[in-house]
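Report on the structure
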There are 4 protein chains.
Amino acid sequence: MVKVGIVGASGYTSSELLRFLMCHPGELKIEMVTSESYPGQRVDRIMPNLRGLIDLEFEPLEIEALGNRVDVIVLAVPHKVAMSYVPEILKQGLRVIDFSADYRLDDPDMYQGWYHVEHSDPEWLERAVYGLPELYRNEIRKAELVANPGCYPTSAILPTLPLLARDLVEPSSIIIDSKSGISGAGRTPSATTHYPNRESNFMAYNIGTHRHTPEIEQELSKIAGEAIRVTFTPHIAPMTRGILSTLYFQLKAEISTESLTAIYSKFYEKGPFVRVLDPGEYPQTKAVAGTNYCDIGLEVDVRTDRVVVMAAIDNLGKGASGAVVQNLNVMFGLDETAGLRIPGMMP
Amino acid sequence: MVKVGIVGASGYTSSELLRFLMCHPGELKIEMVTSESYPGQRVDRIMPNLRGLIDLEFEPLEIEALGNRVDVIVLAVPHKVAMSYVPEILKQGLRVIDFSADYRLDDPDMYQGWYHVEHSDPEWLERAVYGLPELYRNEIRKAELVANPGCYPTSAILPTLPLLARDLVEPSSIIIDSKSGISGAGRTPSATTHYPNRESNFMAYNIGTHRHTPEIEQELSKIAGEAIRVTFTPHIAPMTRGILSTLYFQLKAEISTESLTAIYSKFYEKGPFVRVLDPGEYPQTKAVAGTNYCDIGLEVDVRTDRVVVMAAIDNLGKGASGAVVQNLNVMFGLDETAGLRIPGMMP
Amino acid sequence: MVKVGIVGASGYTSSELLRFLMCHPGELKIEMVTSESYPGQRVDRIMPNLRGLIDLEFEPLEIEALGNRVDVIVLAVPHKVAMSYVPEILKQGLRVIDFSADYRLDDPDMYQGWYHVEHSDPEWLERAVYGLPELYRNEIRKAELVANPGCYPTSAILPTLPLLARDLVEPSSIIIDSKSGISGAGRTPSATTHYPNRESNFMAYNIGTHRHTPEIEQELSKIAGEAIRVTFTPHIAPMTRGILSTLYFQLKAEISTESLTAIYSKFYEKGPFVRVLDPGEYPQTKAVAGTNYCDIGLEVDVRTDRVVVMAAIDNLGKGASGAVVQNLNVMFGLDETAGLRIPGMMP
Amino acid sequence: MVKVGIVGASGYTSSELLRFLMCHPGELKIEMVTSESYPGQRVDRIMPNLRGLIDLEFEPLEIEALGNRVDVIVLAVPHKVAMSYVPEILKQGLRVIDFSADYRLDDPDMYQGWYHVEHSDPEWLERAVYGLPELYRNEIRKAELVANPGCYPTSAILPTLPLLARDLVEPSSIIIDSKSGISGAGRTPSATTHYPNRESNFMAYNIGTHRHTPEIEQELSKIAGEAIRVTFTPHIAPMTRGILSTLYFQLKAEISTESLTAIYSKFYEKGPFVRVLDPGEYPQTKAVAGTNYCDIGLEVDVRTDRVVVMAAIDNLGKGASGAVVQNLNVMFGLDETAGLRIPGMMP
């Protein structure tokens with residue numbers, strides 16, 4: 001029995017994590033949840049979907065006293081805050097999965113460049129493992145600190161992996177056009193998340209400046225063995241959950257949709273949560289809603305020697321909390337799919 | 001191990017039933033699914049959310065050959081068709097849960113009055129049990145034929161039960177104003193379900209003529225011990241899932257919101273899927289999305305001596321397929337909550 | 001040429017008012033708009049739908065200097081603030097239409113009871129005219145101060161008027177079940193308007209305590225000639241615009257849907273913005289989106305001697321800004337329909 | 001007074017055209033509307049938003065008798081049908097605007113290649129003018145037959161024009177990622193437009209095979225002076241109206257967002273319906289809902305030497321019926337903006 005604590009547990013990623021863990025067959029136990037916003041309140045009063053299913057109250061955080069109570073901390077606090085907590089928690093012999101961006105980039109200068117603050121914990125930054133099991137399963141197994149990937153990066157890296165690993169496309173040609181649901185903006189109301197502003201509305205934001213860009217480039221560069229820069233355009237779509245990323249690549253040589261699909265299927269035959277669709281099938285966000293799956297489809301555009309690859313994830317599932325459960329399973333030697341073979345809610 | 005067959009399995013209620021059964025700990029096994037629309041096709045190609053999670057193909061229906069293969073048939077065919085299948089299936093010694101309206105009304109004349117066709121199977125009509133465990137748990141346990149309730153009736157009966165059972169309201173005063181998601185109209189496209197017609201749109205339909213009316217009145221009359229007529233107004237809301245029913249009752253005597261809530265809580269303390277909210281809390285459809293729960297809240301309007309009671313269900317969950325699983329659990333002596341203590345997907 | 005100033009012009013009701021006035025044939029001119037939030041900014045940068053269509057900047061409010069610049073002020077500030085501005089503006093000889101609730105109730109005690117603050121301007125409260133032309137066309141014509149009605153009250157009073165005026169229903173039986181779009185909550189983000197909280201979600205709020213209740217009761221009581229109390233349940237629907245109110249009345253005598261529809265048609269044959277639908281037609285919110293129309297349909301429930309009447313309005317149109325234009329037209333002797341015979345945007 | 005007839009008038013493009021024409025100051029008069037689906041029925045019973053605003057019935061089509069009644073026919077019938085009507089109508093001396101794709105491509109072989117049917121009217125195909133006034137204002141002025149552009153092409157050509165005209169980008173680098181509302185699929189219900197299939201769902205379709213591709217390539221090739229092939233990926237977004245196209249171009253030389261925006265502003269300073277946003281502003285579909293505007297914004301991605309250009313239109317406005325009104329204005333010598341300076345409905 002692995003005892004799990006969640007620090008900063010009142011946001012969407014935490015409520016989704018609690019939902020996933022309730023479907024877990026039992027080796028993972030939610031031992032404690034902390035919240036600065038709702039200390040002393042029952043979890044199921046703040047998250048009405050959990051009503052009657054969880055008998056816990058939010059606790060105030062006593063960071064020095066975590067060691068005796070749990071085996072692993074899932075940290076769900078904002079970036080900058082995370083790196084101020086992590087060393088203290090690790091010191092107590094706990095393992096940590098961090099939802100924030102603080103430990104995702106290898107290079108503290110790159111962190112500073114994109115986040116406009118100096119990284120306060122370069123030692124652990126160096127030792128942290130990027131929590132994408134499809135890339136780092138072995139490292140995650142023994143990691144003390146796992147940096148859970150961003151939602152956009154997961155939706156961009158998984159569909160790109162086979163192309164770069166097989167040297168099929170021009171690394172400089174990568175364009176990522178992503179469409180995200182609004183829950184990605186979190187639980188705090190703002191003009192961006194105001195219903196009348198978003199309903200029936202569609203727009204891009206942060207072109208060329210989104211902070212997930214360096215994370216995508218870092219991982220793709222490692223696979224390609226050369227420095228890669230991508231054009232990444234995030235959009236906000238009128239829906240709560242889901243990301244569909246549409247990626248464009250210049251092919252190095254002619255290949256058919258069928259052959260390329262076969263390469264993807266082979267590549268991901270072991271990866272339990274990447275589902276490669278048949279030629280002619282395109283992924284849709286609703287088919288993965290509430291799950292840890294990433295659905296991938298592709299189409300070769302023979303007229304322009306490009307391939308268009310699409311990946312659908314739930315930003316709160318494979319893009320966040322599902323990935324945490326997958327990482328927990330890997331870290332603690334459980335079946336990697338435990339609690340995660342749940343169908344999406346459709347329609 | 002109970003072997004379950006689903007006849008007419010390509011609609012929303014069946015895909016939702018498959019989803020619930022995949023979360024079932026194991027005593028219920030999906031043995032076969034039939035479909036006239038997709039014979040020979042893999043289930044997970046028609047229902048993309050189930051991809052990789054179910055290894056079955058739709059079969060054509062051979063109604064005489066069901067007996068050897070399964071223990072129970074869930075019948076998901078239109079009314080009129082259902083009553084032409086049921087006797088044949090029961091003859092083979094199988095038990096049946098019927099999604100349709102064919103066996104819900106006690107009186108064949110009432111059936112004919114509302115459905116404009118003579119009931120062809122009055123014998124089984126008389127023996128069928130109305131599949132609301134909150135009312136008929138003991139009868140369902142040994143029933144050969146269970147008529148699964150309509151979605152609106154479930155959302156109307158559960159919040160009315162305590163008031164009539166405790167003789168707190170005027171039986172002639174009941175008004176039911178229901179708001180439903182669009183999946184209630186099923187999988188077949190029509191002008192009613194056309195996205196541009198429904199998005200950002202709200203309207204009522206079938207006032208005073210909806211076929212769920214007699215079902216509601218039959219069950220409420222039995223509880224009240226007198227013939228009850230209700231005003232029932234269904235509406236269609238711009239959302240896929242969920243029913244919120246708002247019910248109005250004239251109180252027989254003064255009572256506070258707190259006292260009445262306490263009566264509800266006591267009444268449903270044993271019913272595992274009715275969650276009575278605290279005074280001041282109102283149910284919302286999203287908190288029960290994808291679940292078998294019915295959330296109930298109420299408010300006494302002291303200025304008019306009325307009580308307003310609200311019930312939220314998922315029309316495909318407690319209003320359809322969740323109820324089937326609950327009935328299967330009861331019929332086969334399993335834990336009534338097996339596979340059903342799943343949190344709703346929220347946000 | 002009537003010169004119009006809008007005070008507090010950055011909210012939804014003001015942007016909608018500007019939209020309506022741009023379609024006005026020309027006798028009404030937007031002379032100035034004030035905003036505390038955006039002083040000095042171009043209106044069409046804050047309201048991107050107006051881009052290139054209006055050449056004005058938001059001004060800071062100088063309340064003593066309004067008199068020289070405009071003929072009428074539309075006041076779009078919160079209640080309590082409104083009553084602190086109104087006397088000063090009227091003193092300058094301007095006429096005023098007030099969006100807020102401050103001058104809608106006749107009785108200062110009732111105002112204090114529902115708004116929990118003493119009314120600071122009882123003199124003008126007594127002289128203010130309730131801005132529903134269907135009731136007070138003649139009074140509005142010469143009014144110095146018009147209190148623009150609330151959105152729910154408009155959707156409740158118009159469908160009730162013929163029934164009370166013709167003494168067809170029991171005044172004590174009135175139940176109003178209203179469903180509103182989210183723009184009714186205004187431009188300021190909150191948990192209530194947070195997209196992930198509202199999408200695919202439906203719930204009631206403020207049962208028996210909504211501040212539009214006394215406004216509805218005041219006007220219905222005047223028509224009935226007796227004190228009326230109603231049960232009013234507002235709901236929030238997953239859509240931006242529109243209110244559908246479903247009203248329930250106990251009939252005093254038997255009448256058919258057709259006869260009652262004929263009575264409504266006759267009653268509103270002169271009222272240019274109430275459209276009575278044919279028997280069997282039900283109003284839908286999208287048919288009135290962006291307009292000043294109120295669509296009314298009804299159905300007699302012969303089984304229970306009740307009549308169900310439905311009214312659809314745009315909460316920002318006939319429920320707010322369309323009504324202001326209609327009132328401006330009446331106040332300044334223009335064609336009452338000028339600028340308002342605009343079709344709704346559908347689909 | 002120009003008398004306008006609409007043939008095939010019961011679809012969304014026609015109802016939207018009627019809506020626009022009702023806001024027209026008067027030189028354009030709707031003289032007749034035909035419909036095979038609703039002959040003899042009042043227009044405002046089929047299109048409830050027009051109730052009380054139009055006093056016409058749908059007529060059956062008598063194609064030989066059009067000449068006496070109107071000056072211009074707007075043809076709103078499917079492709080293939082259109083080219084069977086057009087010669088007959090033109091023969092009667094009427095002018096024609098065709099909503100379909102039948103007269104948009106210059107080359108009958110290309111038509112046959114993409115539409116899989118031989119073009120039956122190559123003579124008129126050659127004489128037809130592509131109805132994008134931003135490109136062909138002078139030709140439209142005297143055209144007998146105007147082919148109204150497709151919605152996607154309008155959203156792709158307008159933002160590309162300045163770049164190709166000024167030779168700023170690599171013509172072979174163009175990638176168009178378009179997101180469309182569901183009304184683009186028309187009024188006929190299908191699985192694609194079924195509300196539960198689309199709500200909260202996002203997916204691509206017809207990659208590399210969409211029939212708007214040759215139309216885009218034809219017009220861009222003419223501007224560039226060389227044959228251009230583009231990668232075009234249409235997506236379907238969970239909203240009724242609007243297209244946001246995000247376009248990617250490789251820059252030939254370094255340029256700043258500010259300088260490039262200035263080039264666009266200069267380029268479109270005369271085009272009354274293209275609104276170039278300020279640097280840092282991005283277009284959103286809701287700001288153009290119900291209008292004939294095309295909002296364009298751009299961002300240079302200095303890290304990859306690409307420029308990302310976004311264009312927002314209403315697929316039923318500038319993408320269809322607004323464009324028809326603009327073309328009618330140009331064809332008949334009216335103010336090009338007459339009836340079209342209408343603000344979008346927002347929120």
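Residues numbered from 1 in each chain as written. Chains lettered and ligands numbered in written order. Predicted model: local features only at pLDDT ≥ 70, side-chain atom pairs only at ≥ 80, totals over all residues. Heavy atoms only, no water.

So, the overall build of chain A
Going by this rule: The helix count covers DSSP runs of H or I at least four residues long, the strand count covers runs of E at least two residues long, and both are numbered beginning at the N terminus. Every radius of gyration here is taken over C-alpha atoms, with the globule rule written as 2.2 Å times N^0.38, N being the number of residues. Here's how the labels work: a residue is buried when its accessible area is under 20% of the maximum for its type, exposed when over 50%, partly exposed in between, all with a 1.4 Å probe on protein chains only. Should any heavy atoms of two residues lie within 4.5 Å, those residues are counted as being in contact. For accessible areas, the Shrake-Rupley method is used with a probe of radius 1.4 Å. Any residue's cover is judged against the shown protein chains and nothing else. Just so you know, the count uses Lys and Arg for positive and Asp and Glu for negative, and it drops His and the chain ends. Taken as the charge centre is NZ of Lys, CZ of Arg, CG of Asp or CD of Glu, depending on the residue.
A count of helical and extended segments in chain A gives eleven helices and 14 strands. A compact globule built from 347 residues should have a C-alpha radius of gyration of about 20 Å, and chain A, at 20 Å, falls within 12% of that. Seen through its C-alpha atoms, chain A measures out along the principal axes to roughly 60 × 45 × 40 Å. Relative to its 347 residues, chain A shows a buried fraction of 66%. Restricting to contacts in chain A with at least 6 residues of sequence separation, those with at least 24 account for 70%. Counting every atom, chain A has about 11200 Å² of accessible surface; 47% of that belongs to carbon and sulfur. Considering chain A, the positive charge centre built from 32 side chains and the negative charge centre built from 44 side chains are found 4 Å apart.

Notes on the relation of the copies chain C and chain D
The condition that has to hold: Each copy is superposed on the other by least squares, with the fit set by C-alpha atoms of residues at a pLDDT of at least 70 in both.
For these two chains of identical sequence, chain C goes onto chain D by a turn of 180° and a shift of 0.0 Å along the axis, with RMSD 0.0 Å. Overall, the copies show the geometry of a two-fold rotation axis. Taken as a fraction of all interface residues of chain C, those also at the interface in chain D reach 100%, which identifies the copy contact as same-surface.

Quick notes on the sheet that holds strand S14 (residues 306-313) of chain D
Residue and element names in this part refer to chain D. The condition that has to hold: Two strands pair under a simple rule: DSSP has to find at least two bridges between them.
An order of S9-S10-S8-S11-S14-S13-S12 is seen for the seven strands of this open sheet, with the pairing classed as mixed. With one partner strand each, in any of the chains shown, strand S9 (203-204) and strand S12 (274-276) form the two edges of the open sheet. Strand direction decides the pairing type here: strand S13 (residues 294-301) and S14, joined by seven bridges, are antiparallel. Within S14, the residue paired with Val 300 across the bridge is Val 307.

Digging into the pattern of salt bridges
Heads up, the condition is: Any carboxyl oxygen of Asp or Glu within 4 Å of a side-chain nitrogen of Lys or Arg constitutes a salt bridge here.
Overall, the coordinates contain 100 salt bridges over all chains when judged by the stated rule. Linking D:Glu199 and A:Lys286 is a salt bridge whose minimum nitrogen-to-oxygen distance equals 3.1 Å. Taken together, the positions of D:Glu199 in the loop between helix H8 (195-198) and S9 and A:Lys286 in the loop between strand S12 (274-276) and strand S13 (294-301) put the pair across two chains. Residue D:Glu199 shares its accessibility class with A:Lys286, and that shared class is buried. D:Lys91 is the partner of D:Glu88 in a salt bridge, and the nearest nitrogen-oxygen pair spans 3.0 Å. In this pair, D:Glu88 and D:Lys91 both sit in helix H3 (residues 81-91), three residues apart, roughly one turn of the helix. Beyond isolated ion pairs, a larger network of salt bridges with shared partners links A:Arg42, A:Asp44, A:Arg45, A:Arg51, A:Asp55, B:Asp278 and B:Glu281.

Considering the sheet that holds strand S3 (residues 58-59) of chain A
Adjacent strands of a sheet pair through backbone hydrogen bonds, lying either parallel or antiparallel. All names here are of chain A. Stated formally: Axes, fitted as lines to C-alpha atoms, cover a helix only where it is in contact. Angles between the N-to-C directions of the axes lie from 0 to 180 degrees.
Within the open sheet, the seven strands sit side by side as S3-S2-S1-S4-S5-S7-S6. Their pairing is parallel. Two strands close off the open sheet at either side, each with one partner strand: S3 and strand S6 (129-130). With four bridges joining them, strand S1 (residues 2-7) and strand S4 (residues 72-75) adopt parallel strand pairing. Considered in S4, the bridge of Val 4 is made with Val 72. Contacts between helix H3 (residues 81-91) and the sheet are confined to S1, S4, strand S5 (95-98) and strand S7 (145-147), with S4 contributing the most and set at about 180° to the helix.

A short note on the interface of chain D and chain A
Heads up, the condition is: Here the quantity called buried area is the accessible surface, traced with a 1.4 Å probe, that two parts lose on coming together, added over both.
Counting from both sides, the interface comprises 47 residues of chain D and, opposite them, 47 residues of chain A. Note on chain D versus chain A: buried area summed over both sides is about 3800 Å², and carbon and sulfur give 55% of it. On the chain D side of the contact with chain A, D:Phe202, D:Ile207 and D:Arg303 bury the most area, a combined 18% of that side's loss. Measuring nitrogen to oxygen at the nearest pair gives 3.2 Å for the salt bridge that ties A:Asp177 to D:Lys179.

Some words on unusual backbone geometry
Most peptide bonds take the trans form, and the phi angle of most residues other than glycine is negative. The step from A:Met346 to A:Pro347 runs through a cis peptide bond, and the omega angle for that step is 5°. Summarising the element assignment, A:Pro347 is placed in the segment after helix H11 (317-331). Phi at D:Lys80 takes a positive value of approximately 75°, unusual for a residue other than glycine. Note that D:Lys80 resides in the loop between strand S4 (72-75) and H3. The residue D:Asn206 is not glycine, and still its phi comes out positive at about 50°. Mapped onto the fold, D:Asn206 is located in the loop between S9 and helix H9 (213-224).

Observations regarding the packing of aromatic side chains
Where we set the bar: Pairs were defined over the aromatic rings of Phe, Tyr and Trp, the Trp ring being its six-membered one, requiring ring centres within 6.5 Å. Orientation was assigned from the angle between planes: stacked under 30 degrees, edge-to-face over 60, tilted for the rest.
A full pass over the atoms with the stated rule returns 28 aromatic pairs over all chains. The interplanar angle of 70° and the centroid separation of 5.2 Å between the aromatic rings of C:Tyr152 and C:Phe232 together place this pair among those described as edge-to-face. Highlighted residues: C:Tyr152 in helix H7 (residues 151-165) and C:Phe232 in strand S10 (residues 231-236), separated in sequence by 80 residues. Judged on exposure class, the residue C:Tyr152 and its partner C:Phe232 are both buried. Between D:Tyr38 and D:Phe58, the aromatic rings sit 6.2 Å apart at their centres with planes inclined by 35°, giving tilted as the arrangement. With D:Tyr38 in the loop between strand S2 (28-34) and helix H2 (43-46) and D:Phe58 in strand S3 (residues 58-59), this residue pair connects regions lying 20 residues apart in the sequence. The class of D:Phe58 is buried, set by a relative accessible area of 1%.

Thoughts on the packing of helix H7 (residues 151-165) of chain A against helix H10 (residues 257-267) of chain A
Residues and elements named next belong to chain A. Using the following cut-off: Under this scheme an angle from 65 to 115 degrees is roughly perpendicular, one under 35 degrees roughly parallel, and one over 145 degrees roughly antiparallel; angles in between are oblique. Under this grouping Gly is polar, as are all residues other than the nonpolar Ala, Val, Leu, Ile, Met, Phe, Trp, Tyr, Cys and Pro and the charged Asp, Glu, Lys and Arg.
Their axes nearest at 10 Å, the elements H7 and H10 cross at an angle of 105°. If you check the angle between H7 and H10, you find them roughly perpendicular. Contacts between H7 and H10 involve Pro 159, Leu 161, Pro 162, Leu 163 and Ala 165 from the former and Leu 260, Tyr 264 and Phe 267 from the latter. Grouping the constituent residues of the contact of H7 with H10 by class yields eight nonpolar, no polar and no charged.

A closer look at the domain arrangement of chain A
Residue and element names in this part refer to chain A. The line we're drawing: Domain delimitation follows an automatic or database domain assignment. Each polar contact in these results corresponds to two N or O atoms within 3.5 Å; when the atoms are within protein, one needs to be able to donate a hydrogen and the other to accept it, and residues that are neighboring in sequence are counted only if both atoms are side-chain atoms.
Per the domain assignment, the segments making up chain A are domain 1 (2-149 + 318-331) and domain 2 (152-315). A C-alpha centroid distance of 25 Å is found between domain 1 and domain 2. On the side of domain 2, 33 residues touch domain 1, which itself brings 29 residues to the contact. Surface buried jointly by domain 1 and domain 2 totals about 2500 Å² across both partners, of which 54% is contributed by carbon and sulfur atoms. Our count for the domain 1 to domain 2 interface comes out at three salt bridges. Across the pair Asp 106 and Lys 222 runs a salt bridge whose closest N-O atoms are separated by 3.1 Å. The tally of links from domain 1 across to domain 2 stands at 19 residue pairs in polar contact (both at pLDDT 80 or more). The set of elements that each furnish at least two residues to the side of domain 1 that touches domain 2 consists of helix H1 (12-22), helix H4 (108-115), helix H6 (133-142) and H11. Here the side of domain 1 that touches domain 2 takes six residues from H11, the largest share from any one element. Residues of the side of domain 1 that touches domain 2, tallied by class, amount to 15 nonpolar, seven polar and seven charged.

Side note on the interface of chain C and chain D
Across the contact, 37 residues belong to chain C and 37 residues belong to chain D. Interface of chain C and chain D: buried area, both sides summed, is about 3000 Å²; carbon and sulfur atoms make up 56% of it. It is C:Arg51, C:Met345 and C:Pro347 that lose the most area in chain C upon contact with chain D, and together they represent 24% of the buried surface on that side. Across the contact surface, chain C and chain D share six salt bridges. For C:Arg51, the salt bridge is made with D:Asp278, and the minimal N-O distance between the two is 3.3 Å. In this structure, the connection of chain C to chain D is made through 16 residue pairs in polar contact (both at pLDDT 80 or more).

What about the confidence of the model for chain A?
Definition in use: Note on scores: pLDDT gives the predictor's confidence for each residue, bounded by 0 and 100.
Summing up the model confidence of chain A, the mean pLDDT is 97 and the portion of residues at 70 or higher is 100%. This prediction of the complex comes with two scores: 0.98 for pTM and 0.97 for ipTM.

Focus on the side chain of A:Gln326
Residue and element names in this part refer to chain A. Relative to the elements of secondary structure, Gln 326 occurs in helix H11. With a relative accessible area of 0%, Gln 326 lands in the buried category. Beyond its immediate chain neighbours, meaning those up to four positions away, Gln 326 contacts Pro 133, Glu 134, Phe 273, Asn 292, Lys 318, Glu 336 and Leu 340.

Description of the packing of helix H1 (residues 12-22) of chain D against helix H11 (residues 317-331) of chain D
The description of two helices packed together rests on the angle between their axes and the distance between the axes. Residue and element names in this part refer to chain D. Which entries qualify depends on this criterion: It is the rotation of the near helix from the far one that decides the hand of a crossing: anticlockwise by less than a right angle makes it left-handed, clockwise makes it right-handed.
Look at H1 against H11: their axes get within 9 Å of each other, and the N-to-C directions meet at 50°. Between H1 and H11, the interaxial angle falls into the category oblique. Of the two elements, H1 crosses H11, and the hand of that crossing is right-handed. Taking contact as the criterion, the partners of Thr 13, Glu 16, Leu 17, Phe 20 and Leu 21 in H1 are, on H11, Gly 317, Ala 320, Ser 321, Gly 322, Val 324 and Val 325. Its residues assigned to classes, the contact of H1 with H11 shows six nonpolar, four polar and one charged.

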